[in-house]
Amino acid sequence: MFTRSLFFLCIIFSNTVVFAGSDRPNILMISIDDLNDWVGCMDGHPDVKTPNIDRLAERGVLFENAHCPVPLCGPSRAAIMTGVSPSSSGIYGQISDEDLSKPFNGDIVYLSNWFSQNGYHTLCKGKVFHRNAPEGAFQENAGRVLGFGPKPPKRVKWHKLPTGTDWAAFPDQDEAMIDYGTAQWAAKRLKSLDKKNPFFMAVGFIRPHTPFYAPQKWFDLYPVEHITLPPYKADDFDDLPEMALELTFMRQMPSTEWAIKSGEWKNIVQAYLACISFVDDCVGTVLDALDESGHAENTIVVLWSDHGYHIGEKNRVSKHSLWERSVRVPLIFSVPGISGGQKTDGATSLLDLYPTLLDLCGLPRNSKNEGVSVVPLIENPSAEWNHLALTTYGKGNHSVRSRDYRYIVYEDGSEELYDMQRDPNEWTNLAMKKNYAYMKKHLRSALPKHEKLWSRWSKHPAGNAYFEELNRKRDENP
């Protein structure tokens, strides 16, 4: 078991680490925006080059079967930082940081505040919450440069609005990129923090979020003539319920059909890969600084992405779905005293992040947390694990993931079921086959028993008729 002494020590016993009292470990939390499983250590794409995220995985435990709470930035980050699911908060769509406590009537303690209340110095820069951070969420908030720039004077490839989607080699230098400045700030602060008090540092990178812009040198890593395209099946939607198409259609996002006809699909893939390698380099800057700072031996590093992204799979270049590519995310815990280079396939949720960090640091449990501590999997990645991972996209629409299956149920009761071992591309919907009734019953056990109505402070962005109608009805009947 994960035990803690009453004395000042950090001792390794096999794969059990002991932290205690004033020797509590620091936390370095690195979040990345819109990064799917196209990471070298996850084998998500054969071409990708992510040496720095990969070396973090070599230091820690890679959660190969981790999933986001919501396939959309704002509500996913709200769930992660509050530890509360959208079904319990009503935060199914975007919400401003200033309004984030209102659905809870102010009765919520953010992850960072829990650490500050327990003696940690908390500091952040970049995209940790949705835009910046609620006032007081960090003791030291270096802010975030809003938007996803820099951007050229005119869009290069994709001109539909409203969306940030575009792809091109821009700007000329890394120094012009927002994430470069975030990485430099983190590196400088890591080297200046003293060792007398534990710290909780959150660093939020925005790439590979659209637009898929990065300097040319990152594009040069991926010659377009050698790009490997992701799997695509033209008749993929033939066995899907109508609700699946209604929920996931985003009229302002490119379809794979368009990308093929226009000859742009390889260019889109190249640009996304370039953005991944750029942000991986930023991660490397932070990890190098941690090693040089003298804090590494007493710092837990956790890296995650708020959700995934389709780059042509399922006829889409978008998030906004309950399928694997939108929902599966990188999640790595590097913990002093725990053997690195390990992997676990236990189904986990980013809702588990909050209780896990409290557990690792010996802090009191927050009773409002709805996730579970994954410390048993950090200590023993092959441990028996019976939990399921739940993802929600609007009230009544859910995905449940086990080790082997993904089950999706929509608001109207229609379903999808996939054997992820035999059918990792989710091309064959098994939901109507009688011999899978028991499996569906098992997976349905993870669905929320009660679901709050949409919070009046939370809205889905434009681009989907289903959500636009929900927004309209709610505005008429607040």
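Residues numbered from 1 in each chain as written. Predicted model: local features only at pLDDT ≥ 70, side-chain atom pairs only at ≥ 80, totals over all residues. Heavy atoms only, no water.

**Quick word on the environment of Thr182**
Here is step 1: As for its placement among the helices and strands, Thr182 is situated in helix α5 (residues 178-192).
Here is step 2: Residue Thr182 is classed as buried on the basis of its relative accessible area of 2%.
Here is step 3: Measuring from C-alpha to C-alpha, the distance between Thr182 and Lys127 comes to 9.5 Å, with 55 residues separating the pair along the chain.
Here is step 4: Excluding its chain neighbours within four sequence positions, the residues that come into contact with Thr182 are Lys125, Gly126, Val203, Gly204 and Phe205. (Helix = DSSP H or I, 4+ residues; strand = E, 2+ residues; numbered from the N terminus. Buried < 20%, exposed > 50% of the residue type's maximum accessible area, 1.4 Å probe, protein only. Contact = heavy atoms within 4.5 Å.)

**Observations concerning the environment of Ser87**
Here is step 1: Tracing the sequence through the fold places Ser87 in helix α3 (residues 86-89).
Here is step 2: Overall, the relative accessible area of 3% leaves Ser87 in the buried class.
Here is step 3: For the pair Ser87 and Glu225, spaced 138 residues apart in sequence, the C-alpha separation works out to 45 Å.
Here is step 4: Here Ser87 is in contact with Tyr92, Thr392, His398, Pro448, His450, Glu451 and Lys452, once residues within four sequence places are set aside.

**Things to note about the confidence of the model for the protein**
Here is step 1: Averaged over all residues, the pLDDT of the protein is 94; the fraction at 70 or higher stands at 95%.
Here is step 2: Across residues 1-16 the pLDDT falls below 50, and counting only partners more than four positions away or on other chains, this stretch makes 46 contacts in the model. (pLDDT = per-residue confidence, 0-100.)

**Things to note about the side chain of Thr82**
Here is step 1: Counting through the fold element by element, Thr82 comes out in helix α2 (residues 73-82).
Here is step 2: A polar contact of 2.7 Å, which involves the side chain of Thr82, links it to the backbone oxygen of Ala78.
Here is step 3: There is a polar contact of 3.2 Å between the side chain of Thr82 and the backbone nitrogen of Val84.
Here is step 4: Dropping the residues within four chain positions of it, Thr82 is found in contact with Phe104, Ile108, Val109, Tyr110, Tyr354 and Asn369. (Polar contact = N/O pair within 3.5 Å; in protein donor to acceptor, adjacent residues only side chain to side chain.)

**So, the pairing of strand β20 (residues 405-409)**
Here is step 1: A large share of β20 lies buried, amounting to 5 of its 5 residues.
Here is step 2: Of the two faces of β20, the one holding Tyr405, Tyr407 and Val409 and the one holding Arg406 and Ile408 are both buried throughout.
Here is step 3: Pairing of strand β19 (residues 398-401) with β20 involves 4 bridges; the strand directions are antiparallel. If you follow Ser399 over to β20, its bridge partner there is Ile408.
Here is step 4: As consecutive antiparallel partners, β19 and β20 are separated by 3 residues.
Here is step 5: The pairing of β20 with strand β21 (residues 415-419) spans 5 bridges and is classified as antiparallel. Bridge pairing links Tyr405 to Asp419 in β21. (Pairing = 2+ DSSP bridges.)

**A word on the nonpolar core**
Here is step 1: One finds Leu28, Ile30, Met201, Phe205 and Phe212 to be the most contacted residues of the largest nonpolar core, which totals 57 residues.
Here is step 2: Going through the elements one at a time, β3 (26-32), α1 (51-59), α5, β9 (199-205), β10 (212-214), α6 (216-219), α9 (265-293) and β11 (299-305) are the ones with two or more residues in this core.
Here is step 3: Broken down by element, the residue count for this core peaks at 17 residues, all from α9.
Here is step 4: Here Leu28 is in contact with Leu190, Met201, Val203, Val286, Leu290, Thr299, Ile300, Val301 and Val302, once residues within four sequence places are set aside.
Here is step 5: Ala66, Tyr110, Phe129 and Val335 belong to the second largest nonpolar core, which has 51 residues in total. (Core = buried A, V, L, I, M, F, W, Y, C linked by side-chain atoms within 4.5 Å.)

**Some remarks on the pattern of salt bridges**
Proximity of charged atoms lets side chains of opposite charge pair with each other.
Here is step 1: Taken as a whole and assessed by the stated rule, the structure comprises 28 salt bridges.
Here is step 2: One salt bridge connects Arg251 with Glu468, and the closest N-O pair in it is separated by 2.7 Å. Of this pair, Arg251 sits in the loop between α7 (242-248) and α8 (256-262) while Glu468 is found in helix α14 (residues 465-476), placing the two residues 217 residues apart along the sequence.
Here is step 3: Accessibility expressed as a relative area gives 26% for Glu468, which makes it partly exposed.
Here is step 4: Measuring nitrogen to oxygen at the nearest pair gives 3.3 Å for the salt bridge that ties Glu426 to Arg406. Here the residue Glu426 occupies a position in the loop between β21 and α13 (437-444), and Arg406 occupies one in strand β20, the gap between them amounting to 20 residues. Comparing Glu426 with Arg406 shows no difference in burial state: the two are buried.
Here is step 5: One network of salt bridges, with partners in common, ties together Asp33, Arg77, Lys127 and Asp306. (Salt bridge = Lys/Arg side-chain N within 4 Å of Asp/Glu carboxyl O.)

**Some thoughts on α9**
Here is step 1: Taking 1.5 Å per residue, 29 residues should reach 42 Å; α9 reaches 42 Å between its end C-alpha atoms and fits that length.
Here is step 2: Most of α9 is tucked away: 22 of the 29 residues are buried.
Here is step 3: Two residues or fewer after α9 comes Gly294, characterised by a positive phi angle close to 85 degrees. (Expected span 1.5 Å × (residues − 1).)

**Concerning the sheet that holds strand β6 (residues 121-126)**
Here is step 1: Within the open sheet, the 8 strands sit side by side as β7-β6-β9-β3-β11-β15-β4-β16. Their pairing is mixed. Two strands close off the open sheet at either side, each with one partner strand: β7 (140-141) and β16 (342-344).
Here is step 2: Of the pairings in the sheet, the one linking β3 to β11 comprises 7 bridges and is parallel in character. Looking across to β11, one finds that Asn26 is bridged to Thr299.

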